[in-house]
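This is what each chain is made of:
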Amino acid sequence: MIKMENIAKSYDGNTMVIRDIGLEIKKGEFFVLLGPSGCGKSTLLRMIAGLEEITAGDLWIDGRHANELLPKERNLSMVFQNYALFPHMTVRDNILFGLDARKVAKKEQDERLNKVAEIMGLAEYLKRKPAQLSGGQRQRVALARSICSQTPICLMDEPLSNLDAKLRGQMRGEIRRIQRMLGLTIVYVTHDQVEAMTMGDRIMVLNEGCVQQIGEPLTVYNDPENLQVATFIGMPQMNIFRARAEQEGLRLNGSLILRRCGGQPCPAPAEECIVGIRAEHFRRGNESTGYVLEAKAAMVEYTGDETQISFENGQGYSVVKWPGQIPAEAGEALTLGVDAEHLYFFDKDTGHRIRQDGGRSQ
Amino acid sequence: MKKYSLALLYAVLILLAVLMVFPLLFTILLSLSDNADIMNGQYWPQVLHFENYAEAFTKANLLYYMKNSVIVAAVTTFCQVALALLAAYAIVFIPFRGSGIVFGLFMSGMMIPMDVLMITNFQTINAAGLLNTYAGIILPCIGSAFGIFLLRQNMKQIPLELKEASDIAGVGQFYFFRKVVVPLSKNSIITLAVYCFLVSWNNYLWPLIATTKDEVRTIQIGLRMLSASDTQQDFRLVAAATMIVTIPTLILMFFGQSRLQEGLTKGALK
Ligand SMILES: Nc1ncnc2c1ncn2[C@@H]1O[C@H](COP(=O)(O)OP(=O)(O)OP(=O)(O)O)[C@@H](O)[C@H]1O
Ligand SMILES: [Mg+2]
């Protein structure tokens with residue numbers, strides 16, 4: 001549906017904001033662009049929409065070479081972060097905006113309006129102005145406009161970022177449901193990993209204009225290609241340690257030691273590297289099959305359904321996360337186990353993932 | 001302390017208000033007096049002579065001049081607002097190379113007073129054979145740097161996303177202009193129109209220079225001729241005629257004041 005080859009973008013002719021992006025988005029796919037603020041997500045999306053020129057590379061939309069197409073010729077719709085509703089028009093006129101220009105008959109317009117208003121739960125607000133709606137309702141109007149245009153592709157730029165947490169959760173499901181129902185191809189920009197994980201069929205992680213990884217949400221989570229992706233995805237952030245292979249095991253940040261059970265040596269991929277361990281991959285006690293870490297609890301936090309314990313690691317704090325309410329106290333000694341398959345090794349210079357004995361790559 | 005400064009403030013304001021209002025009140029008094037009384041220095045009318053107004057109307061042929069003034073002011077206003085709207089739209093919403101320079105040029109035009117250009121303007125319309133025509137009076141006045149500035153400031157407050165959303169929806173420039181920009185700039189447009197109408201209505205020098213005959217002359221000139229032509233100064237008639245001429249201004253000010261203030265001081269959005 002959307003295909004990019006070596007796409008690059010520079011606003012000022014010197015610095016590249018987007019570098020060498022190639023990807024293919026399939027019809028009916030929910031594709032998420034994920035990355036930290038300023039990494040170029042919006043820029044990439046706006047290039048697809050035709051609002052920004054493409055500096056280099058090729059873009060195809062629905063089989064047509066689209067670099068030079070005007071926005072209206074690309075047959076897509078877009079939902080903006082601040083909704084871009086027309087403040088002086090009623091909800092109805094906002095939703096139907098542009099259909100006159102596309103020569104859609106009045107009767108057809110009314111049919112589409114009624115249907116969309118019902119799906120989106122907007123039927124009773126059609127006569128109001130945007131200023132008289134709540135944030136969530138405005139969001140729905142923006143979405144309804146996009147759906148009403150009946151374009152096969154819909155681009156969304158952080159559409160939920162102005163909503164409160166509860167509404168965001170609700171809208172996530174709603175957008176996903178409508179996308180499935182109508183078979184839309186959606187390109188969705190967000191910096192929120194929860195949105196990316198829960199909504200996307202596939203995720204592209206972007207950083208400083210470069211693709212870090214493209215894949216299904218769980219693949220990206222379980223099998224990150226590099227340090228960037230590993231630390232960007234996951235809450236709390238993956239624990240990162242500088243590791244050095246020593247006789248007793250792996251020395252972490254020059255202080256803690258990660259011992260192999262049974263006294264065998266630790267198979268570090270290099271003498272020095274970076275090792276990452278997710279908070280939920282630590283086990284309680286030494287019931288683990290792989291490695292053991294002795295540490296001292298620094299702080300214990302209960303969220304109700306989870307317990308988070310942080311411990312000093314020689315260069316700051318690392319976090320352990322367990323389900324349930326585990327009795328623990330600051331200052332208490334912790335014995336933490338980690339399975340071998342839950343150690344992620346990264347090159348200490350490039351940050352690339354180092355896969356051991358090819359076992360874990362899928 | 002606060003009380004005193006407030007009192008002082010009000011004293012100054014009242015003084016200024018009296019100064020501003022005095023000519024108006026005095027003219028009203030004169031317009032209702034008897035000429036003999038005025039000559040005797042008796043400025044407070046014994047009897048109210050409302051018939052002065054009727055007399056001024058017929059004697060000075062005010063209706064005729066008024067028609068000219070309405071035509072000139074209305075057409076000038078319409079053209080000025082339309083041109084300023086289009087120019088401001090182009091500067092704000094159509095990216096083109098050198099749009100900043102174009103805007104700068106417009107603005108530098110704001111610094112040249114109309115009076116400096118009067119002779120060249122006269123030569124121009126004379127050469128074009130437009131002396132003694134409405135077009136001759138109107139044409140030099142329809143470009144308004146101030147109008148462009150005012151509308152541009154307003155349009156810049158319209159989020160660019162609205163334009164982008166329109167581009168994606170596939171509506172044309174003119175549709176966006178008509179359906180989105182104009183309604184959202186409504187306050188500024190009204191402000192500009194009122195302002196422009198008043199300026200045009202009160203304009204004296206240029207319509208005088210651009211005409212040699214009575215046919216197209218505007219009311220300000222008519223007024224002047226009324227006071228100049230009579231050998232014996234008839235103050236009450238001049239005052240009555242002046243009042244009549246001022247009425248449209250007063251009406252516009254009365255109804256447009258809040259809008260005018262709003263439009264000049266802040267943007268129309270939000
Ligand atoms: N019009 C512009 N002119 C020049 N530079 C720009 C322009 N728009 C964006 N940039 C730069 O391009 C880079 C990427 O911007 P972009 O808006 O795509 O980031 P983003 O990933 O969408 O960030 P956010 O999550 O904050 O919206 C930034 O460094 C930004 O400064
Ligand atoms: Mg952005």
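Rules used in this analysis
Residues numbered from 1 in each chain as written. Chains lettered and ligands numbered in written order. Predicted model: local features only at pLDDT ≥ 70, side-chain atom pairs only at ≥ 80, totals over all residues. Heavy atoms only, no water. Helix = DSSP H or I, 4+ residues; strand = E, 2+ residues; numbered from the N terminus. Buried < 20%, exposed > 50% of the residue type's maximum accessible area, 1.4 Å probe, protein only. Contact = heavy atoms within 4.5 Å. Areas by Shrake-Rupley, 256 points an atom, 1.4 Å probe, with all protein chains shown as cover. Domains from an automatic or database assignment. Buried area = accessible area lost by both parts, 1.4 Å probe. Near = heavy atom within 4 Å. Polar contact = N/O pair within 3.5 Å; in protein donor to acceptor, adjacent residues only side chain to side chain. Nonpolar A, V, L, I, M, F, W, Y, C, P; charged D, E, K, R; others polar. Salt bridge = Lys/Arg side-chain N within 4 Å of Asp/Glu carboxyl O. Arc of directions from axis to C-beta. Patch = residues over 30% accessible without salt bridge, like charges linked within 9 Å, V, L, I, M, F, W, Y side chains within 5 Å.

Caption draft 1: Representation of the overall build of chain B. Each helix and strand in chain B was counted, giving 14 helices and zero strands. In chain B, the succession of α and β elements from N to C terminus is α-α-α-α-α-α-α-α-α-α-α-α-α-α. By the burial criterion, 40% of the 270 residues in chain B qualify as buried. If you take every contact in chain B between residues at least 6 apart in sequence, the share linking residues at least 24 apart comes to 75%. Of the roughly 15200 Å² that chain B leaves accessible, carbon and sulfur atoms contribute 70%.

Caption draft 2: Just unusual backbone geometry, in detail. All names here are of chain A. That bond from Met235 to Pro236 is cis: its omega, -10°, falls within 30 degrees of zero. Assignment of secondary structure puts Pro236 in the loop between helix H8 (227-232) and strand E11 (239-245). With a phi angle near 55°, Asp62 is a residue other than glycine that sits in the positive phi range. Mapped onto the fold, Asp62 is located in the loop between strand E4 (56-61) and strand E5 (64-65).

Caption draft 3: Structural detail: the domain arrangement of chain A. All names here are of chain A. According to the domain assignment, chain A consists of domain 1 (2-231) and domain 2 (237-354). Inter-centroid distance (C-alpha atoms) of domain 1 to domain 2 is 39 Å. With nine residues of domain 1 in contact, the opposing surface of domain 2 contributes eleven residues. On the domain 1 side of the contact with domain 2, Tyr221, Leu227 and Thr231 bury the most area, a combined 54% of that side's loss.

Caption draft 4: Spatial organisation of the site of ligand 1. Residue and element names in this part refer to chain A. For ligand 1, the full set of nearby residues is Tyr11, Val17, Ser37, Gly38, Cys39, Gly40, Lys41, Ser42, Thr43 and Glu158. At a separation of 2.5 Å, an oxygen atom of ligand 1 approaches a polar side-chain atom of Thr43. At a separation of 3.1 Å, an oxygen atom of ligand 1 approaches a polar side-chain atom of Glu158. When isolated, ligand 1 has an accessible area of 630 Å², and the protein chains bury 55% of it. When grouped by side-chain class, the residues that make up the shell around ligand 1 number three nonpolar, five polar and two charged.

Caption draft 5: Layout of the interface of chain B and chain A. With 16 residues of chain B at the interface, the matching set in chain A holds 22 residues. Summed over both partners, the interface of chain B with chain A buries about 1500 Å², with 72% contributed by carbon and sulfur atoms. There are one salt bridge connecting chain B and chain A. When the shortest N-O distance is used, the salt bridge between Glu164(B) and Arg46(A) registers 2.8 Å. Between chain B and chain A we count four residue pairs in polar contact (both at pLDDT 80 or more) in total. Breaking the side of chain B that touches chain A down by element, the ones donating at least two residues are helix H9 (160-169) and helix H10 (173-184) of chain B.

Caption draft 6: Focus on the side chain of Asn207(A). Residue and element names in this part refer to chain A. Note on placement: Asn207 falls in strand E9 (residues 202-207). Residue classification places Asn207 among the buried positions, given a relative accessible area of 13%. Not counting residues up to four positions away in its chain, the partners in contact with Asn207 are Pro36, Cys39, Gln212 and Gln228.

Caption draft 7: Main features of the pattern of salt bridges. Residues and elements named next belong to chain A. Going through the model one piece at a time under the given rule, you end up with 22 salt bridges over all chains. One salt bridge connects Lys106 with Asp100, and the closest N-O pair in it is separated by 3.1 Å. A relative accessible area of 39% means that Asp100 is categorised as partly exposed. Here Arg112 makes a salt bridge to Glu108, at a shortest N to O gap of 2.9 Å. Within this pair, Arg112 and its partner Glu108 are both found in helix H3 (residues 106-120), separated by four residues, close to a single helical turn. Look at Arg112 and you get buried, because its relative accessible area is 13%.

Caption draft 8: Helix H6 (residues 118-127) of chain B, seen in detail. All names here are of chain B. Buried residues of H6: Met118, Asn121 and Ile125, and no others. When H6 is viewed along its axis, its buried side chains cluster within an angular range of 60° and face the same direction. Residues of H6 that are exposed and angled more than 90 degrees away from the buried face: Ile119, Thr124 and Ala127. Next to the buried residues of H6 lie helix H7 (134-138) and helix H12 (205-209). Count one or two residues on from H6 and you reach Gly129, which has phi positive near 70°.

Caption draft 9: Representation of a nonpolar patch on the surface. Together, Leu6(B), Leu8(B), Leu9(B), Tyr10(B), Val12(B), Leu13(B), Ile14(B), Leu15(B), Leu16(B), Val18(B) and Leu19(B) make up an exposed nonpolar region whose accessible area comes to about 1100 Å². Tracing the chain through its elements places Leu19(B) in helix H1 (residues 2-31).

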